[in-house]
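# An overview of the molecular structure
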Amino acid sequence: MSPSPPPRLIVASTNAGKIKEFRRILGEVFEVIPLSQTTFSDEIEETGATFFDNALLKAKAVYGRLGVPVLADDSGLCVEALDGAPGVYSARYGGAGATAADCNALLLKNLEGVANRSAKFVACIVLYFGRDKFLVGNGETAGRILTEPDGTNGFGYDPIFFSDELGKSFGQACADEKNAVSHRGRALADLLTRIANSEKRKTSDRNGWQNSNN
Ligand code: ITT
């Protein structure tokens, strides 16, 4: 008998770089289905003030339409010398139509001559699985902004982000190296722990209920 295929999990993202990372991390546990492979085609306006607000609104919008469990990631780069910018605006930092290279160039320009290069990537991941039922995972990773791009791996701001923990830029890191220390890898690990804890609670509640009815 052939083993049953992993369950499908919709990831409410149109970002190919994120989808690739989710596939790599969750690959054996779930079959990751990107938004492009669903019937959902609306533009989701990210109007939230925090990563959590935006992750929740993306997950809710897709769940509302498709009615099946959805994972959504909102993430970004927070630069200390820029008071946390681009933050939740990371994807839109370069304006409409700007490429990742444009955003990187703009950030490097805005940091010209700035000595404090400290920055962190932040991710909030929401698993939405029923009306007002959701679990949240958070993750961060610290580093600094280089003065020029270094490497071509990853996506977005990876080539200009030097990871303190890896001792190299995310642009130079291979997928597994990045996922081991990244904001997204950590947010997913946090979420998986919360899912496991909530399953344990459900089991002990059920057992408690059974025991109290014995
Ligand atoms: P979805 O909303 O469809 O998932 P998005 O790219 O718009 O795609 P966000 O609103 O969460 O996603 O914006 C995140 C941006 O932050 C992303 O476009 C990158 O520019 C940057 N970013 C987030 N995680 C990153 C990572 O691991 N490496 C490099 N850049 C990252």
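These remarks concern the structure in this document. (Residues numbered from 1 in each chain as written. Predicted model: local features only at pLDDT ≥ 70, side-chain atom pairs only at ≥ 80, totals over all residues. Heavy atoms only, no water.)

Further remarks concern the overall build of the protein. The helix and strand inventory of the protein stands at 5 helices and 7 strands. When its helices and strands are written in sequence order, the protein yields β-α-β-α-β-α-β-β-β-β-α-α. Taking all contacts inside the protein whose residues are at least 6 apart in sequence as the whole, residues at least 24 apart take part in 55%. Carbon and sulfur atoms make up 52% of the accessible area of the protein, which totals about 11,800 Å². Side chains of the protein carry 24 positive and 26 negative charges; the gap between the two charge centres is 6 Å. (Helix = DSSP H or I, 4+ residues; strand = E, 2+ residues; numbered from the N terminus. Contact = heavy atoms within 4.5 Å. Areas by Shrake-Rupley, 256 points an atom, 1.4 Å probe, with all protein chains shown as cover. Lys, Arg positive; Asp, Glu negative; His and termini not counted. Charge placed at Lys NZ, Arg CZ, Asp CG, Glu CD.)

In a beta sheet, neighbouring strands are held together by backbone hydrogen bonds and run either parallel or antiparallel to one another. On the basis of which strands lie adjacent, the open sheet formed by 7 strands has the order E2-E1-E3-E4-E5-E6-E7 and mixed pairing. The outermost strands of the open sheet, each flanked by one partner alone, are strand E2 (31-34) and strand E7 (168-169). Of the strand pairs in this sheet, strand E5 (residues 133-145) and strand E6 (residues 161-163) are connected by 3 bridges, and their pairing is antiparallel. Looking at the pairing, isoleucine 145 lines up with phenylalanine 161 of E6. This element, helix H2 (residues 51-66), spans strand E1 (8-11), strand E3 (70-79), strand E4 (118-130) and E5 of the sheet and lies at about 155° to E3. (Pairing = 2+ DSSP bridges. Axes fitted to C-alpha atoms, helices over the stretch in contact; angles between N-to-C directions.)

The ligand sits among 20 residues. The nearest are Ser13, Glu46, Lys58, Asp158 and Lys178. The side chain of serine 13 places a nitrogen or oxygen atom 2.7 Å from an oxygen atom of the ligand. Interatomic distance of 2.9 Å between a side-chain N/O atom of asparagine 15 and an oxygen atom of the ligand. Within the residue set of the shell around the ligand, elements represented by two or more residues are E3 and helix H5 (183-212). Here the shell around the ligand takes 4 residues from E3, the largest share from any one element. The class makeup of the residues in the shell around the ligand is 4 nonpolar, 8 polar and 8 charged. (Near = heavy atom within 4 Å. Polar contact = N/O pair within 3.5 Å; in protein donor to acceptor, adjacent residues only side chain to side chain. Nonpolar A, V, L, I, M, F, W, Y, C, P; charged D, E, K, R; others polar.)

Those residues of helix H3 (residues 100-110) that fall on the buried side of the exposure criterion are Cys103, Asn104, Leu107 and Leu108. Angular distribution of buried residues about the axis of H3 spans 135°; they occupy a single face of the element. Within H3, the exposed residues directed more than 90 degrees away from the buried face are Ala101 and Lys109. Those residues of H3 that are buried lie in contact with E3 and E5. (Buried < 20%, exposed > 50% of the residue type's maximum accessible area, 1.4 Å probe, protein only. Arc of directions from axis to C-beta.)

Along helix H1 (residues 16-26), the positions that sit buried rather than exposed are Gly17, Lys18, Ile19, Glu21, Phe22 and Leu26. Two to three positions downstream of the cap, the backbone nitrogen of glycine 17 sits 2.8 Å from a side-chain oxygen, assigning the N-cap of H1 to asparagine 15.

It is worth spelling out the pairing of E2 at this point. As judged from the 4 bridges shared by E1 and E2, these two strands associate in the parallel manner. Each residue of the ladder has a partner; that of arginine 8, found in E2, is glutamate 31. The handedness of the E1 to E2 crossover, carried by H1, is right-handed. (Right-handed = clockwise from strand over helix to strand, strands pointing away.)

On to the packing of aromatic side chains. In total, this model carries 6 aromatic pairs according to the counting rule given. With a centroid separation of 5.9 Å and 5° between ring planes, the pair formed by phenylalanine 121 and phenylalanine 170 is classed as stacked. Placement of phenylalanine 121 in strand E4 and of phenylalanine 170 in the loop between E7 and helix H4 (175-181) is noted, with a sequence separation of 49 residues between them. Residue phenylalanine 121 shares its accessibility class with phenylalanine 170, and that shared class is buried. With a centroid separation of 6.0 Å and an interplanar angle of 10°, the aromatic rings of tyrosine 128 and phenylalanine 134 are classed as stacked. Accessibility expressed as a relative area gives 3% for tyrosine 128, which makes it buried. Note on phenylalanine 134: relative accessible area 30%, which makes it partly exposed. (Phe/Tyr/Trp six-rings, centres within 6.5 Å; stacked < 30°, edge-to-face > 60°.)

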